[in-house]
Protein chains: 2
Amino acid sequence: MSKSIPNKVYLSEDELPRQYYNIMADMPNKPQPYLHPMTKKPAGPADLEPLFAKALIEQEMSAERYIDIPKEVRDIYAKFRPSPLVRAYGLEKALDTPAKIYYKYEGNNPSGSHKLNSAVPQAFYNKIEGIKRLSTETGAGQWGSALSIACALFGMECTVYMVRVSYDQKPYRKTLMQTYGANVVASPSNLTNAGRAILAKDPNSLGSLGIAISEAVEDAAMRDDTHYALGSVLNHVILHQSIIGLEAKKQFEKIDEYPDIIVGCNGGGSNFSGCAFPFMHETLTKGTKTEYVAVEPAACPKLTKGKFMYDYGDTAKMAPITMMYTLGHDFVPAGIHAGGLRYHGDSALLSQLYHDGFVKAAAVQQTDVFKAAVQFARSEIILPAPESSHAIAYVIQKALECKETGEAKTIFFNLSGHGNFDLAAYEEFLAGKLEDFEYTDEMLEQGLSTVPAIG
Amino acid sequence: MSKSIPNKVYLSEDELPRQYYNIMADMPNKPQPYLHPMTKKPAGPADLEPLFAKALIEQEMSAERYIDIPKEVRDIYAKFRPSPLVRAYGLEKALDTPAKIYYKYEGNNPSGSHKLNSAVPQAFYNKIEGIKRLSTETGAGQWGSALSIACALFGMECTVYMVRVSYDQKPYRKTLMQTYGANVVASPSNLTNAGRAILAKDPNSLGSLGIAISEAVEDAAMRDDTHYALGSVLNHVILHQSIIGLEAKKQFEKIDEYPDIIVGCNGGGSNFSGCAFPFMHETLTKGTKTEYVAVEPAACPKLTKGKFMYDYGDTAKMAPITMMYTLGHDFVPAGIHAGGLRYHGDSALLSQLYHDGFVKAAAVQQTDVFKAAVQFARSEIILPAPESSHAIAYVIQKALECKETGEAKTIFFNLSGHGNFDLAAYEEFLAGKLEDFEYTDEMLEQGLSTVPAIG
């Protein structure tokens with residue numbers, strides 16, 4: 001391999017971005033306002049104050065293009081950032097493609113994913129506003145791990161409502177959070193009205209993300225010293241994740257390259273958006289022709305098969321009503337191994353940009369996802385998370401198209417996390433036990449039929 | 001935190017060392033030769049050829065100070081190296097110490113440890129000598145994972161004999177190796193005479209590292225296309241691991257610092273030695289006064305309580321007889337959670353240097369180790385491996401001494417791996433279930449009494 005571009009492009013600590021990028025400033029059509037789940041009127045800052053720090057609410061509503069990253073947050077980022085931009089020479093060789101493939105690797109921290117990028121500022125802003133304790137929910141465990149770590153660093157308490165079935169099946173994720181000092185509670189629990197109500201009906205309830213959200217929100221609402229934290233979907237989370245794309249832009253500059261296609265997997269939107277939006281600034285303000293592709297599981301096809309409408313953010317109808325692509329708040333996606341991509345809706349920002357034609361979407365089947373994951377591991381060393389492997393599956397498809405056409409396109413994707421805690425899924429794949437899933441139109445219509453016309 | 005030294009010191013790919021460092025060249029007393037386990041005569045290259053590539057045997061015997069790293073190996077190193085040198089600002093603050101603490105982080109690859117540094121050249125040298133397949137044993141799973149990855153990268157087959165109890169209790173480690181294409185066999189197995197003999201006596205045998213070594217060696221000896229690979233102890237493994245210390249020296253130069261104390265945990269010696277020996281070159285050739293400390297578990301105290309004598313490398317008496325610090329080849333250490341540190345003996349190189357007074361040794365109890373691990377995780381973010389946490393426990397002790405005396409010593413240690421696969425051990429610690437262990441003199445004498453006078 002003779003090459004002028006190294007395997008990894010680093011930034012020094014001094015080059016760590018000092019401001020987040022807020023795409024709201026550049027959007028031709030701003031997202032519709034959130035509606036209050038009870039009144040169905042536009043939700044104002046006061047509606048959010050029982051749950052969130054004022055600084056985070058400001059970020060949620062802000063139309064400022066750049067927002068300063070506090071020094072205290074940058075000091076902690078410097079422990080695990082800037083993350084390297086990696087040239088996938090091994091994968092390119094395995095695919096025999098003229099395409100140039102790059103990825104940003106966000107798994108080099110013990111939460112195992114990009115989630116720590118938002119957990120740190122969320123803990124910080126709450127800390128300086130006098131909040132002593134954060135509550136949250138976790139399904140697969142990545143977000144709960146990230147918030148546990150962030151709270152440990154700022155000396156805050158952290159209570160994580162972990163979906164009962166994950167609590168029982170993923171004891172290591174629970175122990176990881178406890179190692180960082182978090183109080184991990186199996187949800188439904190006896191600690192909240194929401195939990196007690198479920199347990200009264202079914203003492204053996206396996207729980208759900210919806211129930212866990214309700215418990216975490218109730219916990220925060222009933223205590224003055226406690227706020228709630230969410231790991232994706234919201235504007236301020238996507239703002240924090242812009243650190244990924246901002247770093248990547250500087251890294252591409254250093255090697256005098258620029259992506260033709262930018263790819264990310266899509267659950268609640270923060271990983272794709274964090275990676276893509278800083279580049280999309282160029283498209284929105286200067287008309288650059290980059291392609292942006294959000295990749296979702298065929299088992300949860302909100303962008304490719306959902307509708308753009310006002311819907312509840314959660315099953316329990318406690319979260320803000322959001323104008324977004326949705327499969328219906330009662331929609332329960334087929335069981336797949338990318339737990340982070342099973343959300344029925346999407347972020348307001350990404351939904352609007354997709355609606356306006358700036359973002360493309362693709363859906364992939366999970367056997368293709370794991371096939372791509374194994375090929376990536378064997379050629380690039382890193383074991384990718386199932387979520388991130390959705391992006392890999394799409395990138396491989398594009399790279400093979402380049403092989404057909406002879407085009408040397410530059411493809412960039414976000415490798416949002418590692419798969420060290422997902423080996424049970426790899427085992428099923430290697431044993432040939434994973435199944436694909438395709439919804440019929442009837443099944444999708446049923447999910448959407450439960451959404452009342454709102455707004 | 002105002003500071004001129006960054007959290008992480010990087011090297012560019014161009015600065016990746018081009019040669020390994022061989023301490024044999026600088027030792028005032030060379031290690032005694034290995035003896036053949038049957039003849040008890042000094043073992044020559046021909047004795048090793050059924051098992052190892054010629055280039056590796058040359059490295060094992062070489063007294064050349066610097067040995068070139070092949071370009072193919074450097075190209076793969078560039079996927080996960082150079083590893084960052086990290087200033088432990090978080091830990092320093094938590095300890096309120098004037099000491100400056102640095103660590104090299106070797107866990108940023110999916111084997112989870114420094115082991116990949118030697119797996120890559122071992123696979124490479126075998127590949128170019130026409131070998132198609134490597135066999136090895138694994139206990140905790142780190143070395144087996146590393147060799148699986150290296151074989152995947154060079155398109156070689158890999159068979160890993162995994163101790164039955166680990167195979168059953170650590171299914172994720174098994175799946176990790178399988179993901180990289182390895183054939184993982186529970187040991188004892190029906191594939192070898194050694195395995196069949198054990199199973200004939202006890203069909204439910206849980207296996208041991210000794211048995212797994214016997215099976216892997218037999219597998220390699222009976223097939224022309226297959227060689228054997230070992231993850232520690234041998235001179236050529238320690239040579240490959242010198243990449244750690246060589247990088248660290250360049251990194252310290254960049255920030256105009258130099259360590260006063262260098263610390264590593266000690267199992268078979270490759271991690272400590274890889275980190276320390278390139279610095280020890282300065283001590284051996286120029287008399288620099290750096291302190292080198294190998295930290296071992298109190299439950300396996302070969303340096304602090306063993307004897308310097310000729311002993312077998314394995315229970316089955318098939319490995320070379322080595323002049324080393326040992327607790328006796330029949331010694332079975334107490335059960336502890338640092339599986340990588342349970343070897344009864346040590347490398348010939350490290351043993352000789354310890355005997356000659358260039359290296360100090362310390363033993364730590366496992367509750368102190370996990371206490372240190374948790375403090376490190378909460379202040380430095382990374383979740384350390386139990387093995388590496390032996391070094392951390394000692395570093396914390398030294399840093400607290402600096403606090404007493406007011407000395408701002410520079411302490412450097414090797415964070416050889418992450419603890420993502422060791423959460424069961426963390427869980428036991430957090431639940432207060434871990435126990436410490438101290439041997440009586442009688443117990444230690446009994447282990448050593450089985451070693452015949454050899455050589």
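Residues numbered from 1 in each chain as written. Chains lettered and ligands numbered in written order. Predicted model: local features only at pLDDT ≥ 70, side-chain atom pairs only at ≥ 80, totals over all residues. Heavy atoms only, no water.

1. Regarding the overall build of chain A
Rule in force here: The numbering of helices and of strands both runs from the N terminus, where a helix is a DSSP run of H or I of at least 4 residues and a strand a run of E of at least 2. For every residue, the accessible area obtained with a 1.4 Å probe (protein chains only) is divided by the maximum for its type, and the residue is called buried under 20%, exposed over 50%, and partly exposed between those limits. Contact between two residues is taken to exist if any of their heavy atoms lie within 4.5 Å; hydrogens are not considered. Surface exposure here means Shrake-Rupley accessible area, sampled with a 1.4 Å probe, where a residue is shielded only by the protein chains that are shown.
Each helix and strand in chain A was counted, giving 18 helices and 15 strands. Counting only C-alpha atoms and orienting by the principal axes, one finds that chain A spans roughly 65 × 50 × 45 Å. The buried share of chain A, reckoned over its 455 residues, is 65%. Nonlocal contacts in chain A, meaning residues at least 24 apart in sequence, comprise 76% of its contacts between residues at least 6 apart. Carbon and sulfur atoms form 50% of the exposed surface of chain A, whose accessible area is close to 16100 Å².

2. Remarks on the sheet that holds strand β15 (residues 410-415) of chain A
Residues and elements named next belong to chain A. Which entries qualify depends on this criterion: A pair of strands is labelled paired if DSSP reports no fewer than 2 bridges between them.
Across the sheet, 7 strands lie side by side as β1-β4-β5-β15-β10-β11-β14; this open sheet has mixed pairing. Two strands in the sheet have a free side with no partner beyond their single neighbour: β1 (8-9) and β14 (360-364). In this sheet, β14 lies alongside strand β11 (residues 291-297) in parallel orientation, the contact comprising 5 bridges. What sits directly across from Pro297, in β14, is Val364.

3. Some points on unusual backbone geometry
All names here are of chain A. Along the chain, Arg81 connects to Pro82 via a cis peptide bond; the corresponding omega equals -15°. As for its placement among the helices and strands, Pro82 is situated in the loop between α3 (71-80) and β4 (85-87). The phi torsion at Asp256 lies on the positive side, around 55°, for a residue other than glycine. Summarising the element assignment, Asp256 is placed in the loop between α11 (235-254) and β10 (261-265).

4. Brief notes about α3(A)
The buried fraction of α3(A) is high, at 8 of 10 residues. Within α3(A), the full set of buried residues consists of Val73(A), Arg74(A), Asp75(A), Ile76(A), Tyr77(A), Ala78(A), Lys79(A) and Phe80(A).

5. Comments concerning the relation of the copies chain B and chain A
Where we set the bar: We superpose the copies by least squares over the C-alpha atoms of residues that have a pLDDT of at least 70 in both of them.
Screw-axis analysis of chain B against chain A gives a translation of 0.0 Å along the axis, an RMSD of 0.0 Å, and a rotation angle of 180°. Seen this way, the second copy is the image of the first under a two-fold rotation axis. Comparing contact sets, 100% of the residues at the interface of chain B also lie at the interface in chain A, consistent with an isologous, same-surface contact.

6. What to know about the sheet that holds strand β6 (residues 133-138) of chain A
Residue and element names in this part refer to chain A. Selection rule: Working convention: axes come from line fits to C-alpha atoms, limited for helices to the stretch in contact. Angles between N-to-C directions cover 0 to 180 degrees.
Spatially, β8-β7-β6-β9 is the arrangement adopted by the 4 strands of the open sheet, whose pairing is parallel. Strands with a single pairing partner mark the edges of an open sheet, and in this sheet they are β8 (183-187) and β9 (226-228). Strand-to-strand twist of the sheet, defined as the mean angle between neighbouring strand axes without regard to direction, takes the value 25°. Two strands pair when backbone bridges link them, and β6 and β9 are joined in this way by 3 bridges, in the parallel orientation. Among the inter-strand pairings, Ser135 is bridged to a residue of β9, identified as Tyr228. The strands touched by helix α6 (residues 142-153) within the sheet are β6 and β7 (157-163), with β6 carrying the most contacts at an inclination of about 165°.

7. Regarding the environment of Val359(B)
Position of Val359(B) relative to the elements: it lies in the loop between α14 (348-355) and β14 (360-364). As for Val359(B) and Lys100(B), which are separated by 259 residues in sequence, their C-alpha atoms are 21 Å apart.

8. Let's talk about the nonpolar core
How we decide: In this description, a nonpolar core means a group of buried Ala, Val, Leu, Ile, Met, Phe, Trp, Tyr and Cys residues linked to one another through side-chain atoms lying within 4.5 Å.
The biggest cluster of nonpolar side chains holds 122 residues, and the ones touching the most others in it are Val263(A) and Phe413(A). Non-local contacts of Val263(A), meaning those with residues more than four positions away in its chain, are made with Val293(A), Val295(A), Ala391(A), Tyr394(A), Val395(A), Ile411(A), Phe412(A), Phe413(A) and Asn414(A).

9. What about helix α11 (residues 235-254) of chain B?
Residues and elements named next belong to chain B. Note the threshold: Under the convention used throughout, the expected extent of a helix is 1.5 Å for every residue step, that is, one less than its residue count. One axis fitted to the seven residues ending at a residue, another fitted to the seven starting there: the angle between these axes is the bend at that residue.
Compared with the 28 Å implied by 1.5 Å per residue over 20 residues, the 29 Å span of α11 between its first and last C-alpha is a close match. Of all the bends in α11, the largest measures some 30° and sits at Gln241. Within α11, 17 of the 20 residues are buried, which leaves it mostly tucked inside the rest of the structure. Looking at the residues trailing α11, positive phi occurs at Asp256, about 55°.

10. With respect to the side chain of Ser166(A)
Residue and element names in this part refer to chain A. Note the cut-off: Here a polar contact is taken to be a pair of N or O atoms separated by no more than 3.5 Å, where protein atoms must pair a possible hydrogen donor with a possible acceptor and residues adjacent in sequence count only if both atoms sit in side chains.
Considering the arrangement of structural elements, one finds Ser166 in helix α7 (residues 164-169). You can call Ser166 buried: its relative accessible area is 13%. Within the local environment of Ser166, its side chain forms a polar contact with the backbone oxygen of Gly139, the two atoms lying 2.9 Å apart. Beyond its immediate stretch of four places on either side in the chain, Ser166 contacts Gly139, Ala140 and Pro171.

11. Digging into the packing of helix α15 (residues 366-380) of chain B against helix α17 (residues 423-430) of chain B
All names here are of chain B. The test is simple: Oblique is the label for every angle not falling under 35 degrees (roughly parallel), over 145 degrees (roughly antiparallel), or within 65 to 115 degrees (roughly perpendicular). Here the nonpolar group is Ala, Val, Leu, Ile, Met, Phe, Trp, Tyr, Cys and Pro; Asp, Glu, Lys and Arg are the charged ones; every other residue, Gly included, is treated as polar.
Where α15 meets α17, the axes come as close as 10 Å, and the angle between the chain directions of the two elements is 105°. Looking at the two axes, α15 sits roughly perpendicular to α17. Taken together, the residues of α17 that come into contact with α15 (itself represented by Thr367, Phe370, Lys371, Ala373 and Val374) are Ala425, Tyr426 and Phe429. Residues that form the contact of α15 with α17 fall into these classes: 6 nonpolar, 1 polar and 1 charged.

12. Examining the interface of chain B and chain A
One widely used convention gives an interface's size as the accessible area the parts lose upon coming together. Put simply, the test is: Reported buried area values correspond to the accessible surface (1.4 Å probe) lost by two parts on association, with both partners' losses combined. Counted as salt bridges are all cases of a side-chain nitrogen of Lys or Arg within 4 Å of a carboxyl oxygen of Asp or Glu.
Each partner contributes to the interface: chain B provides 52 residues, whereas chain A provides 52 residues. For the pair chain B and chain A, the two sides together bury roughly 4200 Å², of which 58% comes from carbon and sulfur. Taken together, the links from chain B to chain A amount to 4 salt bridges. Between Glu427(B) and Lys174(A) there is a salt bridge whose closest N-O contact spans 3.7 Å. The interface formed by chain B and chain A includes 20 residue pairs in polar contact (both at pLDDT 80 or more). Split into classes, the residues belonging to the side of chain B that touches chain A amount to 30 nonpolar, 10 polar and 12 charged.

13. What to know about the packing of helix α5 (residues 116-128) of chain A against α11(A)
Residue and element names in this part refer to chain A. The criterion, for reference: When the near helix sits turned anticlockwise from the far one by under a right angle, the crossing is termed left-handed; a clockwise turn instead gives a right-handed crossing.
Viewed as axis vectors pointing N to C, α5 and α11 meet at an angle of 125°, and their least axial separation amounts to 8 Å. For the element pair α5 / α11, the angle class is oblique. Crossing of α5 over α11 shows right-handed handedness. Residues Asn117, Ser118, Pro121 and Gln122 of α5 form the contact with α11, whose participating residues are His236, Val237, His240, Gln241, Ile243 and Ile244. Looking at side-chain class alone, the contact of α5 with α11 contains 4 nonpolar, 6 polar and no charged residues.

14. Focus on the packing of aromatic side chains
Formally: Pairs were defined over the aromatic rings of Phe, Tyr and Trp, the Trp ring being its six-membered one, requiring ring centres within 6.5 Å. Orientation was assigned from the angle between planes: stacked under 30 degrees, edge-to-face over 60, tilted for the rest.
Throughout the structure, instances matching the rule amount to 39 aromatic pairs over all chains. A ring pair is formed by Tyr103(A) and Phe376(A), whose centres lie 5.2 Å apart and whose planes are at 65°; its orientation type is edge-to-face. Of the two residues, Tyr103(A) sits in strand β5 (residues 100-105) while Phe376(A) sits in helix α15 (residues 366-380), which places them 273 residues apart along the sequence. An identical accessibility class is assigned to Tyr103(A) and Phe376(A); each is buried. For the pair Phe252(B) and Phe279(B), a centre-to-centre distance of 6.1 Å together with 80° between the ring planes defines the contact as edge-to-face.

15. Section: the environment of Tyr20(A)
All names here are of chain A. Within the secondary structure, Tyr20 sits in strand β2 (residues 19-21). Note: C-alpha distance between Tyr20 and Gly245 (225 residues apart in sequence) is 9.8 Å. Engagement of the side chain of Tyr20 in a polar contact is seen with the side chain of Tyr77, the distance being 2.7 Å.

16. Looking at the side chain of Lys398(B)
With respect to the element layout, Lys398(B) can be found in helix α16 (residues 386-405). Setting aside anything within four residues of it in sequence, one finds Lys398(B) in contact with Ile261(B) and Ile411(B).

17. Overview of the confidence of the model for chain A
For clarity, the cut-off: On a range of 0 to 100, pLDDT expresses the predictor's confidence in each residue.
In this model, chain A carries an average pLDDT of 94, and 99% of its residues clear a pLDDT of 70 or more. In the model output, the complex is listed with pTM 0.95 alongside ipTM 0.94.

18. Considering the state of the cysteines
Stated precisely, the cut-off is as follows: The definition used for a disulfide is geometric: two cysteine sulfur atoms within 2.5 Å.
Overall, the coordinates contain 0 disulfides over all chains when judged by the stated rule. Summary of cysteine pairing: Cys151(A) is not part of a disulfide, and the nearest cysteine sulfur, belonging to Cys158(A), is at 4.1 Å.

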